[in-house]
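Next come the chains, spelled out residue by residue.
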Amino acid sequence: MIAATALARPDNALYVITDVGCQLLLRYPEGLAQAQLREIEAYRQHRAEVRAARREISTAPETDALDDDADPIDAIEAAIERIKTEAGTELVQRLRESDPAFFEQAVVDLLLKMGYGGAEQRGRRIGGSGDGGVDGVIDQDALGLDRIYVQAKRYADGNNVGRETIQAFVGALHGVGASRGVFITTSTFTPGARQYAENVPSRIILIDSARLVTLMIKYRVGVQVKQSYDVVELDEDFFE
């Protein structure tokens, strides 16, 4: 943000927001992406200087794989998103092909990784015959007084979960005296199912395939980090 003149650095380890920074904060209170950053003239000038310097130190044209107008961070982020999309597509396919018990355990593992169930990881799969219409349960406290029940359905793409299925899940929750539940599927939900879940007194969270793979990638369930890259920037303190 120094390059965009949004911050000034009057002293070592001291940063001060400028008028430009205040204006950006008001305009983008939730943060701004590279696209918005490139709208700032000072930042565009800084990028032009960086591109010129890069061309100067490049020993051969082919060593600079990026287009002069491309921001390296944008290129990295785009590549990472592509990798995540490909991994997510493969992940949801594998889940659809998995055994029902495996999928039920996978969604319980995901909720535990997300922090539900506390440090003791109080969650278990209960699917199978006589499960009462629920596949898993997460205990939010040590005594199990506060519970979240889970339903997991492996459906093919296009076989969307309808209102009747959500109604049956709500009935199952009432049968165990619960008021909160999570319904997870490898397909998606019909508009009627979503509307019913929003209007019913019980708190029902619907997670479709897109959100499911996003959460599994974020919390590293069913995936692992293959390689990490470090993005470096100039250390201003070094030059003080």
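Anything mentioned here points back to the structure above.
What you see is a predicted model; the values in this text were computed from it and never measured.

(A) Region of the structure containing the pairing of strand β5 (residues 147-153). Burial analysis of β5 places five of its seven residues in the buried class, which makes it a mostly covered element. Of the pairings in the sheet, the one linking strand β4 (residues 136-139) to β5 comprises four bridges and is antiparallel in character. Residue D139 lies in a different strand from β5, and its bridge partner there is R147. Summarising the sheet, β5 and strand β6 (residues 180-185) pair through five bridges and their orientation is parallel. Bridge pairing in β6 links Y149 to G181. With respect to chirality, the unit in which β5 leads through helix α6 (residues 163-175) into the neighbouring parallel β6 is right-handed.

(B) Just the packing of α6 against helix α7 (residues 191-199), in detail. Axis separation between α6 and α7 bottoms out at 7 Å; the angle between their running directions is 30°. In terms of axis orientation, α6 runs roughly parallel to α7. Of α7, the residues touching α6 (which contributes R163, I166, Q167 and V170) are G192, A193, Y196 and A197. Considering only residue class, the contact of α6 with α7 consists of five nonpolar, two polar and one charged.

(C) Layout of the packing of helix α4 (residues 72-97) against helix α8 (residues 209-218). At a closest axis distance of 9 Å, the pairing of α4 and α8 adopts a crossing angle of 110°. Taken together, the axes of α4 and α8 are roughly perpendicular relative to one another. Considering the relative orientation of α4 and α8, their crossing is right-handed. Each of K84, G88, L91, V92, L95 and R96 in α4 lies in contact with α8, whose residues at this interface are S209, L212, V213, M216 and I217.

The rules behind each value
- Residues numbered from 1 in each chain as written.
- Predicted model: local features only at pLDDT ≥ 70, side-chain atom pairs only at ≥ 80, totals over all residues.
- Heavy atoms only, no water.
- Buried < 20%, exposed > 50% of the residue type's maximum accessible area, 1.4 Å probe, protein only.
- Helix = DSSP H or I, 4+ residues; strand = E, 2+ residues; numbered from the N terminus.
- Pairing = 2+ DSSP bridges.
- Right-handed = clockwise from strand over helix to strand, strands pointing away.
- Axes fitted to C-alpha atoms, helices over the stretch in contact; angles between N-to-C directions.
- Parallel < 35°, antiparallel > 145°, perpendicular 65-115°, else oblique.
- Contact = heavy atoms within 4.5 Å.
- Nonpolar A, V, L, I, M, F, W, Y, C, P; charged D, E, K, R; others polar.
- Left-handed = near helix turned anticlockwise from the far one by under 90°.

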